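# Geometric and topological summary
In case you want the letters, here they are:
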Amino acid sequence: MSLVPCRACGHQVDTSALACPRCGATDPGKKISRQQRNARNFVIQTIFWLSLLGFGGWYITTTVIPLVKQYIVKPEQAPGARP
Ligand SMILES: [Zn+2]
């Protein structure tokens, strides 16, 4: 529970209040919650892109590099392979 100034009259109202008890404005803490929502969206997008980058890096490390190593190492293993 925290108090924020009403966007209409500046009266201190609770963030969860549906209407300002002084002037009756609806969602007196809406401006704050919208900012919080924007910040949350920004964090979610950042995490999404970071995880995408992380997955891409993980995919390259676990799939592409072993394939490349296999391709490079294969000719060296050929002489050692005896029937
Ligand atoms: Zn108010």
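Please read these numbers as outputs of a predicted model, since none were measured by experiment.

## Thoughts on the coordination of the zinc ion
Binding of the zinc ion to the protein goes through Cys6 (SG), Cys9 (SG), Cys20 (SG) and Cys23 (SG), at separations of 2.3 to 2.4 Å. All donors of the zinc ion come from a single chain, and their spacing in sequence reads C-x2-C-x10-C-x2-C. One end of the pair, Cys9, is in the loop between strand 1 (3–5) and strand 2 (12–14); the other, Cys20, is in the loop between strand 2 and helix 1 (30–77), and 11 residues separate them in sequence.

## Things to note about the environment of Thr26
Locating Thr26 in the fold gives a position in the loop between strand 2 and helix 1. Once the C-alpha coordinates of Thr26 and Ala8 are considered, the two residues, 18 residues apart in sequence, prove to be 9.3 Å apart. Apart from residues lying up to four places away in sequence, Thr26 is in contact with Arg7, Leu18 and Ala19.

## Brief notes about the confidence of the model for the chain
Interpreting fine coordinate detail is not advised for predicted regions of low pLDDT. Considering every residue of the chain, the mean pLDDT works out to 84; 82% of them sit at 70 or more. Per-element confidence in the chain is highest for strand 2, whose mean pLDDT is 90, and lowest for helix 1, whose mean pLDDT is 86.

Rules of the game
- Residue numbers restart at each chain and count upward from 1, following the sequence in its written direction.
- Where local features are concerned, this predicted model is filtered to residues with pLDDT of at least 70; where side-chain atom pairs are given and counted, the filter is 80 or more; whole-chain, interface and lining totals use all residues.
- Note that water and hydrogens are dropped before the side-chain values are worked out from all heavy atoms of the structure.
- Only N, O and S atoms count as donors, using a 2.8 Å limit from the metal and a wider 3.2 Å limit for Na, K and Ca, and since water is excluded some coordination spheres may look unfilled.
- Think of it this way: any DSSP run of H or I at least four residues long counts as a helix, any run of E at least two long counts as a strand, and we number them from the N terminus.
- The criterion used for residue contact is that any of the two residues' heavy atoms lie within 4.5 Å.
- Per-residue confidence from the predictor is given as pLDDT, running between 0 and 100.

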